[in-house]
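# Inside the fold
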Amino acid sequence: MAQPSMKQAATADGLVEQLIDVGATAVRRGFVLASGGNLSARLPGSEEFVVTGAGTWLDRLVPEDFTVMNLAGEVVGGNPQPSSEWKLHQRTYRVREDVNAIVHMHPQHAVLVDALGHEIRLLTLDHAVYVRSVGRTGFFPNGSDELADTAAEQAKEHNCVLLAHHGCSALGEDVGMAFRRAMNLEEAATATYRALLLGDRTTRFPVPADEAIRHA
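About the cut-offs
- Residues numbered from 1 in each chain as written.
- Predicted model: local features only at pLDDT ≥ 70, side-chain atom pairs only at ≥ 80, totals over all residues.
- Heavy atoms only, no water.
- 1 Å grid on protein atoms, 1.4 Å probe; cavity = no way out; pocket = protein on both sides within 12 Å on 5 of 7 lines; lining within 4 Å.
- Points joined across faces, edges and corners; volume = space filled by probe spheres on them.
- Helix = DSSP H or I, 4+ residues; strand = E, 2+ residues; numbered from the N terminus.
- Nonpolar A, V, L, I, M, F, W, Y, C, P; charged D, E, K, R; others polar.
- Contact = heavy atoms within 4.5 Å.
- Phe/Tyr/Trp six-rings, centres within 6.5 Å; stacked < 30°, edge-to-face > 60°.
- Buried < 20%, exposed > 50% of the residue type's maximum accessible area, 1.4 Å probe, protein only.
- Salt bridge = Lys/Arg side-chain N within 4 Å of Asp/Glu carboxyl O.

### A closer look at the layout of surface pockets
Reported here for the largest pocket is a volume of approximately 310 Å³. In terms of lining, the largest pocket is formed by 18 residues, of which the most central are Glu119, Ile120, Leu122, Arg132 and Arg204. Broken down by secondary-structure element, the contributors of at least two residues to the lining of the largest pocket are β6 (134-137) and α7 (207-215). Taken as a whole, the second largest pocket spans an internal volume of roughly 260 Å³. Around the second largest pocket sit Arg29, Gly30, Phe31, His109, Asp126, Tyr130, Arg180, Met183, Asn184, Glu186, Glu187 and Thr190, which together line it. For the lining of the second largest pocket, the elements supplying multiple residues, two or more each, are α4 (125-131) and α6 (175-197). Sorting elements by how many residues they give to the lining of the second largest pocket places α6 first, with six residues. Here the residues of the lining of the second largest pocket are counted per class, giving three nonpolar, four polar and five charged.

So this is what it looks like as structure tokens:
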């Protein structure tokens with residue numbers, strides 16, 4: 001069976017197909033376990049988005065698992081029980097009209113490095129281009145207004161947001177970009193962890209190169 005394209009989907013069914021693929025890949029690569037994490041997407045300009053349902057395992061998703069919600073936070077179709085983290089997605093969409101997909105995962109190295117009080121350093125060209133910068137929230141209970149609102153505030157400036165002792169949210173103009181950013185964030189965290197093991201606390205992507213990327 002051919003893998004779904006990760007270009008911007010043209011239909012809601014296409015978005016669901018892409019999110020199903022991302023969910024399976026995220027579990028296979030160890031970014032999340034069982035029913036942890038959640039995914040959402042919307043068509044550009046839409047006031048509605050699809051989000052994984054409550055208790056769904058990301059590597060076992062089927063179209064019926066997805067809930068359709070609007071930006072007011074109302075369920076308007078699909079699975080009647082959205083993920084308990086639906087506010088995390090809804091609040092971010094409300095402040096970022098350019099964002100059409102959100103990948104929320106629990107990547108081990110990103111959570112660990114942050115919990116130990118270290119900054120996740122961007123070390124490679126891909127880290128600099130796709131992650132660009134990392135926002136952060138303190139710890140708040142999952143599904144809470146505090147978590148959703150604080151993450152949305154960080155999302156105004158960052159496309160990757162760490163949720164302390166919890167996970168991360170990565171944003172994109174489409175599903176493929178959101179997942180690419182999530183993967184690069186975890187790769188940067190893994191590289192930072194290895195650098196710390198070697199006693200390095202300063203190495204990062206060169207400033208002149210980073211400035212050149214910003215002006216490109």
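### A word on the environment of Val51
Turning to its location among the elements, Val51 is positioned in strand β2 (residues 48-52). Sequence separation between Val51 and Asp65 is 14 residues, and the spatial gap between their C-alpha atoms is 8.6 Å. If near-sequence neighbours (up to four positions away) are discounted, Val51 is found in contact with Leu39, Ser40, Asp65, Phe66, Thr67, Met69, Pro82 and His89.

### Some words on the packing of aromatic side chains
Geometrically, a pair of aromatic rings is defined through the distance of the ring centres and the angle of the planes. Enumeration over the complete set of coordinates arrives at two aromatic pairs. On the basis of an interplanar angle of 45 degrees and a centroid distance of 5.2 Å, the ring pair of Phe49 and Tyr93 is categorised as tilted. Of the two residues, Phe49 is situated in strand β2 and Tyr93 in helix α2 (residues 86-95); the sequence distance between them amounts to 44 residues. Note on Tyr93: relative accessible area 1%, which makes it buried.

### Details of the pattern of salt bridges
Enumeration according to the criterion identifies 11 salt bridges in this entry. Between Asp98 and Arg96 there is a salt bridge, with its nearest N and O atoms 2.8 Å apart. Asp200 is paired through a salt bridge with Arg121; the nearest N and O atoms lie 2.6 Å apart. Placement of Asp200 in the loop between α6 and α7 and of Arg121 in the loop between α3 (108-115) and α4 is noted, with a sequence separation of 79 residues between them. Since its relative accessible area comes to 3%, Arg121 is described here as buried.

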